[in-house]
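Chain by chain, the residues run as shown.
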Amino acid sequence: MFENIVLASESDREQIMKLYKEQLGREFCAWTDHYPSEETIDYDLSRDALFVMKENDEVIAAISIDKDEDVERLEYWDKNLAPSGELSRLAVTHSMQGKGVARLMMQHGMKALKDRGYKSIHFLVNKYNVPALRSYAKFGFNVVGECHMFEQDFLCYEKEL
């Protein structure tokens, strides 16, 4: 049903930005008109850190391997699992939500991190986003703490790769 998940390229930029903007206003979405931005895409592309899933040459999902210093500084991460990577900016087009696309993107992101030598993965999830919490529970992540960032309350998730 789905084409392969591939590294994003410059030619995907417009569709990725459209996908990001489609997420604005969704419940629990911390994104704004200014984030993620063209500069965010530039940064991800420059590090080979942005992956997309396409169907019929259309970007239907995206995920990034990230390194956010503010998130890295949180006290909750297990030092024995360093180096750790972060997955972020997971987005799935509205018409494809609820079809397992986010799960496939997460699996791909975790494999990419492991292939790049990371020992663990961590990320933040809005603590009130019940559908996301259910989804991540299936992956066996540990909740290692809570924080307030980006004007939201988050659970801190971590998993050894």
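Every chain's residues receive numbers from 1 upward, in the order its sequence appears when written. Restriction of local features to residues with pLDDT of at least 70 applies here, the model being predicted, together with a cutoff of 80 or more for giving and counting side-chain atom pairs; totals for whole chains, interfaces and linings are based on all residues. To get the side-chain values, all heavy atoms of the structure are used, and hydrogens and water are removed first.

Moving on to the overall build of the protein chain. Secondary structure follows DSSP: runs of H or I at least 4 residues long count as helices, runs of E at least 2 residues long count as strands, and numbering of each begins at the N terminus. On a plain count of helices and strands, the protein chain comes out with five helices and seven strands. The order of helices and strands in the protein chain, counted from the N terminus, is β-α-α-β-β-α-β-α-β-α-β-β. Radius of gyration means the value over C-alpha atoms here, while the globule rule gives 2.2 Å times the residue count to the 0.38 power. Scaling as 2.2 N^0.38, a compact globule of 161 residues should have a C-alpha radius of gyration of about 15 Å, and the protein chain matches this with 15 Å. Principal axes of the C-alpha set define a box for the protein chain whose edges measure 40 × 35 × 30 Å. Burial classification: accessible surface area is computed with a 1.4 Å probe over protein chains only, and a residue below 20% of its type maximum counts as buried, one above 50% as exposed, and the rest as partly exposed. Counting the 161 residues in the protein chain, one finds 45% classified as buried. Residues are treated as being in contact if the distance between any of their heavy atoms lies within 4.5 Å. A separation threshold of at least 6 residues defines the contact pool for the protein chain, and within that pool the share at least 24 residues apart is 69%.

Right, let's get into the sheet that holds strand β3 (residues 58-66). Paired strands, in this sense, are two strands between which DSSP finds at least two bridges. Spatial strand order, β1-β2-β3-β4-β5-β7-β6: seven strands in an open sheet with mixed pairing. The open sheet has two free edges, formed respectively by β1 (5-7) and β6 (142-149), since each of these has just one partner strand. With strand direction ignored, the average angle separating the axes of adjacent strands in the sheet is 30°. Bridge count for β1 against strand β2 (residues 50-55) is three bridges, and the pairing is antiparallel. Bridging across to β2, I5 finds its partner in M53. Running at roughly 155° to strand β4 (residues 84-92), helix α4 (residues 101-115) makes contact with β1, β2, β3, β4, β5 (120-126) and β7 (152-160) of the sheet. A fitted line through C-alpha atoms serves as each axis, taken over the contacting stretch for helices, and the angle formed by two N-to-C directions is quoted from 0 to 180°.

In the cavity and pocket records, a cavity denotes points on a 1 Å grid over the protein atoms alone where a 1.4 Å probe fits but cannot get out, a pocket denotes an open set with protein on both sides within 12 Å along at least 5 of 7 lines, and lining residues are residues with an atom within 4 Å of a point. Grid points are joined across faces, edges and corners, and a volume is the space filled by probe spheres set on the points. Each pocket or cavity is described by its volume, and for the largest pocket that value is around 1,400 Å³. Around the largest pocket, the lining is made up of 42 residues, and of these L90, L124, N129, A132 and Y136 lie nearest the centre. Counting residues per element, the lining of the largest pocket draws most heavily on β4, which supplies seven residues. Residues that form the lining of the largest pocket fall into these classes: 24 nonpolar, nine polar and nine charged. Ten residue types, Ala, Val, Leu, Ile, Met, Phe, Trp, Tyr, Cys and Pro, are classed as nonpolar, four, Asp, Glu, Lys and Arg, as charged, and the remainder, Gly among them, as polar.

Moving on: the confidence of the model for the protein chain. Chain-level pLDDT for the protein chain is 90 on average; 98% of the residues reach the 70-or-more range. Mean pLDDT across the elements of the protein chain bottoms out in helix α5 (residues 130-137) (80) and peaks in helix α1 (residues 13-23) (96). Residue-level confidence of the predictor, termed pLDDT, takes values from 0 up to 100.

With that settled, consider the side chain of Q23. Residue position: Q23 is located in helix α1. Judged by relative accessible area, which is 3%, Q23 ranks as buried. Each residue touching Q23, except ones within four places of it in the same chain, is listed here: C29, W31, A91, V92 and Q97.

Attention shifts here to the side chain of E86. For E86, the location among the structural elements is in strand β4. Summary of buried charges: E86 has no salt-bridge partner, and the nearest side chain of opposite charge, R89, is 7.2 Å away. With residues near it in sequence (within four places) discarded, E86 still touches S64, I65, D66, D68, V71, L113, H122 and F123. His is not counted, nor are the chain ends; Lys and Arg add positive charge and Asp and Glu add negative charge. Note on definitions: salt bridges are taken to be side-chain nitrogens of Lys or Arg within 4 Å of carboxyl oxygens of Asp or Glu.

Running from N to C, α1 and helix α2 (residues 38-46) point in directions that differ by 125°, and their axes come no closer than 11 Å. As summarised for this structure, α1 and α2 are arranged oblique, according to the angle between their axes. Where α1 crosses over α2, the handedness of that crossing is right-handed. Facing R13, I16, M17 and Y20 of α1, the residues of α2 in contact are E38, I41, D42, D44 and L45. Tallied by class, the residues present in the contact of α1 with α2 amount to five nonpolar, no polar and four charged. Small angles under 35 degrees read as roughly parallel and large ones over 145 as roughly antiparallel, with 65 to 115 read as roughly perpendicular and the rest as oblique. Handedness of a crossing is defined here by the sense of rotation of the near helix relative to the far one, left-handed for an anticlockwise turn of less than a right angle and right-handed for a clockwise turn.

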